[in-house]
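Tertiary structure, described
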Amino acid sequence: EKGMVPDSIVSTDIGNICSVSNSYLSFKHKGPSMLAAMTFGNCGYAFPAAMGAKVAAPDRNCVAYCGDGAWGMQLNEVMTCIRENVPTTAVVFNNGQWGAEKKNQVLWFGDRYVGVQLHNPWSYAEIARSMCAEGITCTHVDQVTDALEQANKNQAEGKTTVIEVMVTKELGDPFRRDAMKLPLRHLEKYRETCQTEESGTGQPTDL
């Protein structure tokens, strides 16, 4: 938040990492400033929403918050920003996992991870640069403010920026704890997968 322009419009994607980052945002601008998928739950929402906001309000700084899972559904829009001259900023939290789904598997499914591990042998910042956008990688929290300030400057100069923030696999609370419960297995061959209690730590085993 310290590196953000005061009148910024921020869009956030679904996902565990974005639910955590949302907690640190505050807005002072009178007009609409926060765009979120909310109960629609549409993954890949944030960056196109920020682009639309930039077209509608070209004088305001527009930033999208995305996890690396959701970013895979929208990173191609960086090319649209370049082609159509829609300078926008994306903050991509790279934790190598589908966090919201993984949190469910941590709490209620005995850390049996299915389809939630993301092996990312590439750099999203480098991919952005290959698309003729600006790319910045942050490996420490002390670098984030400077990166955002640089992205703000880039956007004012008509440039799109992707900030890749390398983060740990630690997970926040699930969106809807009330919507899930411990599974009950009725078939004998699956009985060994029954869980009698939630995860004691609430965190992945591969932190």
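Small disclaimer: the values here were computed from a predicted structure and weren't measured.

Points about the overall build of the protein chain
Each helix and strand counted, the protein chain has seven helices and six strands in total. Along its sequence from the N terminus, the protein chain presents helices and strands in the succession β-α-β-α-β-α-α-β-α-α-β-α-β. A globule of 207 residues ought to have a C-alpha radius of gyration of about 17 Å, and the protein chain, at 18 Å, matches this closely. Seen through its principal axes, the protein chain has C-alpha atoms that stretch 65 × 40 × 30 Å. Evaluated residue by residue, the protein chain yields a buried proportion of 44% over its 207 residues. Across the protein chain, every contact between residues at least 6 apart in sequence was considered, and the portion connecting residues at least 24 apart equals 76%.

Focus on the pairing of strand β5 (residues 134-138)
The pairing of β5 with strand β6 (residues 161-166) spans five bridges and is parallel. Among the inter-strand pairings, G135 is bridged to a residue of β6, identified as V162. Handedness of the β-α-β unit built from β5, helix α7 (residues 144-156) and β6 comes out right-handed.

Details of the layout of surface pockets
In this structure, the largest pocket occupies an estimated 890 Å³ of space. Lining the largest pocket are 28 residues, and of these Y24, F93, V141, V144 and V165 sit closest to its centre. Of all the secondary-structure elements, those providing two or more residues to the lining of the largest pocket are α1 (16-22), β4 (89-94), α7 and β6. Ranked by residue count, the leading element in the lining of the largest pocket is α1, at four residues. A breakdown of the residues in the lining of the largest pocket according to their chemical character gives 16 nonpolar, nine polar and three charged.

Section: the side chain of T12
Mapped onto the fold, T12 is located in strand β1 (residues 9-12). Each residue touching T12, except ones within four places of it in the same chain, is listed here: N22, L25, M34, L35, A36, A37, Y45, A46 and Y65.

Describing the sheet that holds β6
What links the strands of a sheet is backbone hydrogen bonding, and the strands pair in either a parallel or an antiparallel sense. Pairing in this open sheet of six strands is parallel, and the strands run β2-β1-β3-β4-β6-β5 from one edge to the other. Lying at the two open borders of the sheet, with one neighbouring strand each, are β2 (34-36) and β5. On average, adjacent strands in this sheet sit at an angle of 15 degrees to one another, irrespective of strand direction. Where β1 meets β2, three bridges bridge the pair, whose relative direction is parallel. Bridging from a neighbouring strand, V10 pairs with M34 of β2.

Conventions adopted
- Residues numbered from 1 in each chain as written.
- Predicted model: local features only at pLDDT ≥ 70, side-chain atom pairs only at ≥ 80, totals over all residues.
- Heavy atoms only, no water.
- Helix = DSSP H or I, 4+ residues; strand = E, 2+ residues; numbered from the N terminus.
- Rg over C-alpha atoms; globule rule 2.2 N^0.38 Å.
- Buried < 20%, exposed > 50% of the residue type's maximum accessible area, 1.4 Å probe, protein only.
- Contact = heavy atoms within 4.5 Å.
- Pairing = 2+ DSSP bridges.
- Right-handed = clockwise from strand over helix to strand, strands pointing away.
- 1 Å grid on protein atoms, 1.4 Å probe; cavity = no way out; pocket = protein on both sides within 12 Å on 5 of 7 lines; lining within 4 Å.
- Points joined across faces, edges and corners; volume = space filled by probe spheres on them.
- Nonpolar A, V, L, I, M, F, W, Y, C, P; charged D, E, K, R; others polar.
- Axes fitted to C-alpha atoms, helices over the stretch in contact; angles between N-to-C directions.

These figures come from the coordinates and say nothing about function on their own.
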